[in-house]
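# Chains, contacts and geometry: an overview
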Amino acid sequence: MKALVTGITGFAGSHLAEHLLREGYEVRGTFRPRSPLDNVSHILDNIKLVECELTDPFNVRKLFDNYEPDLIFHLAAQSFVAASWRSPRNTIVNNIVSQLNLFESLMERGLNPTFLVAGSSEEYGRIRSGDFPITEAIPLKPLSPYGVSKVAQDMLGYQYFQSYGLNVIRTRAFNHTGPRRGEVFVTSNFALQIAQIELGERDKVIKVGNLDAERDFTDVRDTVRAYVQVLREGRVGDIYNIASGKARSIRSVLDTLLALSRVDVRTEVDESRLRPSDLPKLEGSYDKLRNATGWEPKIPFEKTMSDLLDYWRDRLKKGYKPSTQRC
Ligand code: GDD
């Protein structure tokens, strides 16, 4: 079986590639010109990398020259919610047009692989307290440009399935994290700051944003296992949440990380980390996915946090310089 992963050098893409290799798939992946290859450097001999700007239809068409994948995992996206307010156009164009180009190229070539549209719990938006845990049936009312772009990807998937019979399966993944998580996302950002403090590379002050928000975290290694299972056993045209079923506050995420360290710190709110609107709580039901595939999250949150902290300790030891990107 041949699997194509868009955004293979990214966080989830690299974990998915590892999982697919273990499962015996032939793995090919796209990456953007100039993207760092660090996340896949250990598997470069086992995968085929193709440089491709997915917003360019000519580039995308060429992907399928003499190549017919059985499965496509479309993960490439501008995935940082905070950045979507700063550059909404970039998020909207990148996320929607890339997927459109893939669909149109497949149709032009007469190909119909099973195609994963990677949606997000950000699509749901603000939820009434009686509606938790969130099921796939809850109306979509996104509150970020990123959430809107993911609703559009989701609906495009639905429309191409209905109109042309493309074998699309849609997922809405709640937060996922683990080693290699980009440093702007909250779990990685806090873990990186703690690892820097441990090394004496920064003052004992952790910069934070909104600690009251609650999110439902799954380990990325469980999330990518769900992606594969859903394409194998899910129903084409359908939609599945990927979640742990349990929300936790961002404050408790920080506490979990601090409990894994020896440092004594204080927190300081960094106003630039606060968003124009932040969803107070996301907590998902994964009943539908479990019923269809038997999938359940396996890795406990404490293990995910411990692996993430070790990842940053190791990277810093190897000379990694934190970026100046806004969080
Ligand atoms: N990034 C960040 N940095 N977030 C902070 C901070 C901080 O210093 N302090 C508090 N937060 C809060 C955010 O306001 C948000 O409520 C929560 O922590 C999680 O933020 P992120 O880790 O940036 O993730 P996200 O929830 O916005 O989006 C992630 O999950 C989505 C699924 O719900 C991303 O992975 C998306 O791509 C994904 O679709």
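Before reading on, note that the structure itself is shown above.
Here's what I pulled together on the structure shown here. Since we're looking at a predicted model, the values are computed, not measured.

Glancing now at the site of the ligand. As a matter of local geometry, the ligand sits amid 24 residues, with S79, S121, Y146, R181 and R275 nearest to it. Between the ligand and the protein, one listed contact pairs a nitrogen atom with a backbone N or O atom of V184 at 2.8 Å. In this structure, an oxygen atom belonging to the ligand sits 2.6 Å away from a side-chain N or O atom of R275. Burial of the ligand by the protein amounts to 97% of the accessible area it has alone, namely 720 Å².

Turning to the sheet that holds strand β4 (residues 71-74), a few remarks are in order. Strand order in the open sheet made by the 7 strands is β3-β2-β1-β4-β5-β6-β11, with parallel pairing throughout. Here the strands that pair on one side only, and so sit at the sheet edges, are β3 (48-51) and β11 (239-242). Here the average twist between neighbouring strands, direction ignored, is 20°. Examined bridge by bridge, strand β1 (residues 2-6) and β4 share 4 bridges and lie parallel to one another. Among the inter-strand pairings, T6 is bridged to a residue of β4, identified as H74. With respect to the sheet, helix α1 (residues 11-22) is in contact with β1, β2 (26-31) and β4, its orientation differing from that of β1 by roughly 170°.

For the rest of this paragraph, the subject is the environment of E271. Within the secondary structure, E271 sits in the loop between β13 (266-269) and α9 (287-293). Put simply, E271 and P142 are 129 residues apart on the chain and 23 Å apart in space, counted from C-alpha to C-alpha.

Nonpolar side chains tend to gather and get buried jointly when the protein is soluble and globular. Grouped together as the largest cluster of nonpolar side chains are 32 residues, with contacts concentrated most on L20, F73 and Y227. Going through the elements one at a time, β1, α1, β4, β5 (114-120), β6 (168-173), α7 (220-233) and β11 are the ones with two or more residues in this core. The biggest single contributor to this core is α7, with 7 residues. Contacts of Y227, omitting those with residues within four sequence positions, involve F73, L75, L116, A118, T171, A173, H176 and I242. In terms of nonpolar packing, the next biggest core, distinct from the first, is built from 24 residues, L192, I194, V208 and A213 among them.

Here the focus is unusual backbone geometry. Glycine aside, the phi torsion of most residues is negative, and most peptide linkages are trans. Going from F132 to P133, the amide bond is cis rather than trans, its omega being -5°. Along the polypeptide, P133 turns up in the loop between β5 and α5 (145-164). With a phi angle near 50°, N66 is a residue other than glycine that sits in the positive phi range. Of note, N66 is situated in the loop between α2 (57-63) and β4. Backbone geometry places R180, a non-glycine residue, at a positive phi of 80°. By the element assignment, R180 lies in the loop between β7 (176-177) and α6 (186-198). Judged by relative accessible area, R180 falls into the buried class, the value being 15%.

The next subject is the side chain of R215. Mapped onto the fold, R215 is located in strand β9 (residues 214-216). There is a polar contact of 3.2 Å between the side chain of R215 and the side chain of D278. When near neighbours in sequence (up to four residues on either side) are disregarded, R215 contacts E122, N175, K246, A247, R248, I250, D278, L279, P280, K281 and L282.

Axis separation between helix α4 (residues 88-109) and α5 bottoms out at 8 Å; the angle between their running directions is 15°. Of the possible angle classes, the one that applies to α4 and α5 is roughly parallel. In terms of crossing hand, the pair formed by α4 and α5 is right-handed. Here P88, T91, I92, N95, I96, Q99, L100, F103, E104 and M107 of α4 come into contact with α5, specifically with P145, Y146, V148, S149, K150, A152, Q153, L156, G157, Y160 and Y164. Residues of the contact of α4 with α5, tallied by class, amount to 13 nonpolar, 6 polar and 2 charged.

What follows covers the pattern of salt bridges. Applying the stated criterion across every chain, the model contains 26 salt bridges. Here R109 makes a salt bridge to D65, at a shortest N to O gap of 2.7 Å. Here R109, found in helix α4, pairs with D65, found in the loop between α2 and β4; they are 44 residues apart in sequence, far enough to count as distant. Close ionic contact of R290 with D287 constitutes a salt bridge, the shortest N to O distance being 2.7 Å. One end of the pair is R290 and the other is D287, both in helix α9 and 3 residues apart, which spans about a single turn. On the basis of relative accessibility, which here comes to 31%, the residue R290 falls in the partly exposed class. D287 sits in the partly exposed class, given a relative accessible area of 39%.

The topology assignment puts E136 in the loop between β5 and α5. Reaching out from E136, the side chain makes a polar contact with the backbone nitrogen of N241 at a distance of 2.8 Å. Once residues lying within four places of it in the same chain are set aside, the contact partners of E136 are Y124, R172, I239, Y240, N241, S285 and K288.

Parameters and conventions
- Residues numbered from 1 in each chain as written.
- Predicted model: local features only at pLDDT ≥ 70, side-chain atom pairs only at ≥ 80, totals over all residues.
- Heavy atoms only, no water.
- Near = heavy atom within 4 Å.
- Polar contact = N/O pair within 3.5 Å; in protein donor to acceptor, adjacent residues only side chain to side chain.
- Areas by Shrake-Rupley, 256 points an atom, 1.4 Å probe, with all protein chains shown as cover.
- Pairing = 2+ DSSP bridges.
- Helix = DSSP H or I, 4+ residues; strand = E, 2+ residues; numbered from the N terminus.
- Axes fitted to C-alpha atoms, helices over the stretch in contact; angles between N-to-C directions.
- Contact = heavy atoms within 4.5 Å.
- Core = buried A, V, L, I, M, F, W, Y, C linked by side-chain atoms within 4.5 Å.
- Buried < 20%, exposed > 50% of the residue type's maximum accessible area, 1.4 Å probe, protein only.
- Parallel < 35°, antiparallel > 145°, perpendicular 65-115°, else oblique.
- Left-handed = near helix turned anticlockwise from the far one by under 90°.
- Nonpolar A, V, L, I, M, F, W, Y, C, P; charged D, E, K, R; others polar.
- Salt bridge = Lys/Arg side-chain N within 4 Å of Asp/Glu carboxyl O.

Interpretation in functional terms is not warranted from these geometric data alone.
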